[in-house]
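Residue strings, one per chain:
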Amino acid sequence: MSKYETMLLQTVDMRGTVSVQELSRILGVSDQTIRRVSRPLVDRGALQKVHGALVSTKSAADLPYLARMNLNREAKVTIAEEVVKIIQDGDSIAIDTGSTSGFVAQALRSRRELTVVTNSAYVASTLAMIPGNNVSMAGTQLRDHDGASFDRSAFDVIERMQVDYVLLSASLVDARKGFLVHEQCEVDIASAMLANAGRAIMAVDHSKFEPQVRKPALRQPTLKPGDYLVTDRAPPADFASLF
């Protein structure tokens, strides 16, 4: 596939349904280019075409990372649109491997001259080919289910970077314990990113404030005054002490 075919397919797969006009804005090309590039994708069944928009043919039965991105798509798109209002052209940012981070990476394609460090192969590939961006992939050994790296070289790269912002995520928000994840390596990489960042952006959709059957037990770093919590709905009142 061509570069634009890959970018277009990734964008539609993440958002589910995207208008031609919105795709034109995100990818920085004309409506005519979107129609031309999408035609072979529609012909081979990678996308569906409806009036004025393109629809993903992927479902939650796809690969684990894409399946997670399919959950609460609209909420994650809303969060991504809010995060991109914080990040300006020329800013530097560390980005974790959460599925919401994939949506934020797509939204950040509208920004220019970004310096990015990430341990997510998906985030790195999404932002690396934007002219003027400086993207560092942290790590060399990638996990097979999400393309994330947590090896020693990932920490070496992150520890050498000084950034304006760090974008973090969580699997669950607990009113007493704070932002929780399932794996210690996620906490370790978040702590390393946060240590060299000016401000944190915690991006979690409304479902993370709801009870879960499989409860994570490991705490992410706490937010400091001046950090951001970005979500798609106002959190319940009993979570106010966390922010």
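As a reminder, the structure under discussion sits directly above these lines.
The structure displayed is predicted, hence computed values, not measured ones. Residue numbers restart at each chain and count upward from 1, following the sequence in its written direction. Reporting in this predicted model follows two pLDDT cut-offs: at least 70 for local features of residues, and 80 or more for side-chain atom pairs to be given and counted; totals over whole chains, interfaces and linings ignore these cut-offs and use all residues. With hydrogens and water set aside, each side-chain value is computed from the structure's full complement of heavy atoms.

(A) Highlighting the overall build of the protein. Scanning the protein from terminus to terminus reveals nine helices and 12 strands. The C-alpha radius of gyration computed for the protein amounts to 18 Å, which stays within 12% of the reference 18 Å derived for 243 residues, consistent with globular compactness. Each principal axis of the C-alpha distribution contributes one length, and for the protein these read about 50 × 40 × 30 Å. Partly exposed residues are those whose accessible area sits between 20% and 50% of the maximum for their type, while under 20% is buried and over 50% is exposed, using a 1.4 Å probe and protein chains only. When each of the 243 residues of the protein is scored for burial, the buried share is 54%. For the protein, the share of sequence-separated contacts (at least 6 apart) that also reach a separation of at least 24 residues comes to 64%. Carbon and sulfur atoms provide 50% of the accessible area of the protein, an area that totals close to 11400 Å². Counting from the N terminus, the helices are the DSSP runs of H or I reaching at least four residues and the strands are the DSSP runs of E reaching at least two. Atoms considered for the radius of gyration are the C-alpha atoms alone. The globule rule reads 2.2 Å times the number of residues to the power 0.38. Contact between two residues is taken to exist if any of their heavy atoms lie within 4.5 Å; hydrogens are not considered. The Shrake-Rupley method, run with a 1.4 Å probe sphere, supplies the accessible areas, and residue values consider only the shown protein chains as cover.

(B) How the structure looks around the nonpolar core. Throughout this description, the term nonpolar core refers to a set of buried Ala, Val, Leu, Ile, Met, Phe, Trp, Tyr and Cys residues connected via side-chain atoms within 4.5 Å. Counting 29 residues, the largest nonpolar core has Val117, Ile158, Val166, Val173, Phe179, Met202 and Val204 as the members making the most contacts within it. Put simply, the parts of the chain that give this core at least two residues each are α8 (152-160), β7 (163-168), α9 (184-195) and β10 (197-203). A per-element tally of this core places α9 first, with five residues. By size, the runner-up hydrophobic cluster in this structure holds 23 residues, among which are Ile86, Phe103, Ala107 and Ala203.

(C) Examining unusual backbone geometry more closely. Even without glycine at this site, Glu113 takes up a positive phi of about 60 degrees. By secondary structure assignment, the location of Glu113 is in the loop between α6 (99-107) and β5 (115-118).

(D) View of helix α2 (residues 20-27). The complete set of buried residues in α2 reads Val20, Leu23, Ser24, Ile26 and Leu27. Buried residues in α2, looked at end-on, bunch into an arc of 170 degrees, giving them a common side. Looking one or two residues past α2, Gly28 carries a phi angle of roughly 70 degrees, positive in sign. This arc describes the spread of directions from the helix axis toward the C-beta atoms.

(E) Highlighting the sheet that holds strand β2 (residues 47-50). Taking strand neighbours across the sheet as the criterion, the three strands line up as β1-β3-β2 in an open arrangement whose pairing is antiparallel. In the strand order of this sheet, the two ends are held by β1 (17-19) and β2, each with one partner. Along the sheet, successive strands turn relative to each other by an average axial angle of 25 degrees, direction set aside. Any two strands with at least two DSSP bridges between them are considered paired. Here β1 pairs with strand β3 (residues 53-56) via three bridges, running antiparallel. The partner of Thr17 across the bridge, within β3, is Val55. Orientation is described by lines fitted to C-alpha atoms, with helices fitted over the stretch in contact, and by angles between N-to-C directions that extend from 0 to 180 degrees. Here α2 sits on the sheet in contact with β1 and β3, set at roughly 85 degrees to β1.

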